[in-house]
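Given next are the chains, with one letter for each unit.
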Amino acid sequence: MPDALLSAWATPGLFWLLLTIGAAGLVRGFTGFGTALIFVPVAGIFLTPVEVILMIVLTGVASTAALLPGAWGQADRKEVGTLALAATVTVPLGIWIMGQVDELLLRWFIAVIVGGTLIAVVSGWRYQGRLGLKGRGAIGSSAGLIGGMTGLTGPVVIVFYLANARDITKVRANTIVFLTAMDIVIALNLLVRGNVTSEAIWLAVLLSVPYFTTTMIGKAIFDPRFERAYRVAAYSVIAIAVISSLPIFD
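Residues numbered from 1 in each chain as written. Predicted model: local features only at pLDDT ≥ 70, side-chain atom pairs only at ≥ 80, totals over all residues. Heavy atoms only, no water.

Colleague: Is there a simple way to think about the overall build of the protein in this case?
Modeller: The helix and strand inventory of the protein stands at 11 helices and zero strands. Helices and strands in the protein line up, N terminus first, as α-α-α-α-α-α-α-α-α-α-α. For 250 residues, the compact-globule estimate of 2.2 N^0.38 gives 18 Å, and the protein sits close to it at 17 Å. Principal axes of the C-alpha set define a box for the protein whose edges measure 50 × 35 × 35 Å. The proportion of buried residues among the 250 residues of the protein is 52%. Taking as baseline every contact in the protein between residues at least 6 positions apart, the subset at least 24 positions apart corresponds to 84%. When the accessible surface of the protein is summed, it comes to about 11,500 Å², and 68% of that surface belongs to carbon and sulfur atoms. (Helix = DSSP H or I, 4+ residues; strand = E, 2+ residues; numbered from the N terminus. Rg over C-alpha atoms; globule rule 2.2 N^0.38 Å. Buried < 20%, exposed > 50% of the residue type's maximum accessible area, 1.4 Å probe, protein only. Contact = heavy atoms within 4.5 Å. Areas by Shrake-Rupley, 256 points an atom, 1.4 Å probe, with all protein chains shown as cover.)

Okay, structure coming up:
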């Protein structure tokens, strides 16, 4: 067995990481988002910020294989492309900031971002303005910056843009395509910086097994008629993840 794989098996908190990524995959399967909102806060307890982001983008390959083919034809690719292009520009800055910030402070920042996203979505708040090219550019840039810092590429887009749409199927498809693009962009940036190690790849492989499995289950049970039930389940899992990850419980 490769030494890198043995090192991955010895990762502190591996059981909790596997359990959390499994829950995240289920939510991702039927909503199109939620992986980072659930996994990042908990993973931050056991992994460094760079490792957390690596796990998000590398395991994203598993969900992409399961979800992207179906979502591609349903998404508004022109609008998502604008968001992704703007986000691509700011990802490197976000990664650089992540390397300068204290890990504990970054965990608090993640908790605030995830908690704020959850409150906004649960409360029913929606952006009511009209989003032109500049608006989508600003939203995409913000998503890229925060995604580079924390791995949380979805919250800004979900709250300020995609959540404003009425068609849940299109919202789900747009989110899947956007998050897939961000996984690729962030992974390439980390690869160029030399952050992708064999140990990280093996850990991502281990996490991808439950993630792919539960993503497929979530995809299979997705039915727009039960949107409310899916939302309640997703919100509950996200809330548990962010509360349990607060540094005050260390």
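Colleague: Whenever I open this one, helix α7 (residues 133-150) confuses me. Can you help?
Modeller: Structurally, the α-helix is built with 3.6 residues per turn, so residues lying three or four positions apart point the same way. In a regular helix each residue adds 1.5 Å, so 18 residues correspond to 26 Å; α7 covers 26 Å between its end C-alpha atoms and thus fits that length. Inspection of α7 places R136, G137, I139, G140, A143, G144, I146, G147, G148, M149 and T150 among the buried residues, and these make up the whole buried set. Phi for G151, located one or two positions after α7, is positive at around 90°. (Expected span 1.5 Å × (residues − 1).)

Colleague: What exactly am I supposed to notice about the nonpolar core here?
Modeller: One recurring pattern in soluble globular proteins: nonpolar side chains tend to sit buried together. Counting residues in each nonpolar core, the largest one holds 73 residues, and the members touching the most others are F39, M55, L152 and F178. Those residues in contact with F178 that sit more than four places away from it in its chain are V80, L83, A84, A87, A143, T153 and V157. (Core = buried A, V, L, I, M, F, W, Y, C linked by side-chain atoms within 4.5 Å.)

Colleague: Looking at this structure, I do not really get the environment of L203. What am I missing?
Modeller: Following the sequence through the fold, L203 ends up in helix α10 (residues 198-221). In this structure L203 comes out as buried when scored by relative accessible area, which is 5%. The spacing of L203 and L58 is 145 residues in sequence and 9.4 Å in space, taken between C-alpha atoms. Beyond its immediate chain neighbours, meaning those up to four positions away, L203 contacts A8, T11, L14, L47 and M55.

Colleague: Would you mind going over the packing of helix α2 (residues 14-31) against helix α3 (residues 35-46) with me for this structure?
Modeller: The relative placement of two packed helices is expressed as an angle between their axes plus a distance between the axes. Two elements in contact, α2 and α3, have axes separated by 8 Å at closest approach and are oriented at 170°. Relative to α3, the element α2 is oriented roughly antiparallel. Of the residues in α3, those touching α2 at W16, L17, T20, I21, A23, A24, V27 and R28 are T35, I38, F39, V42, A43 and F46. (Axes fitted to C-alpha atoms, helices over the stretch in contact; angles between N-to-C directions. Parallel < 35°, antiparallel > 145°, perpendicular 65-115°, else oblique.)

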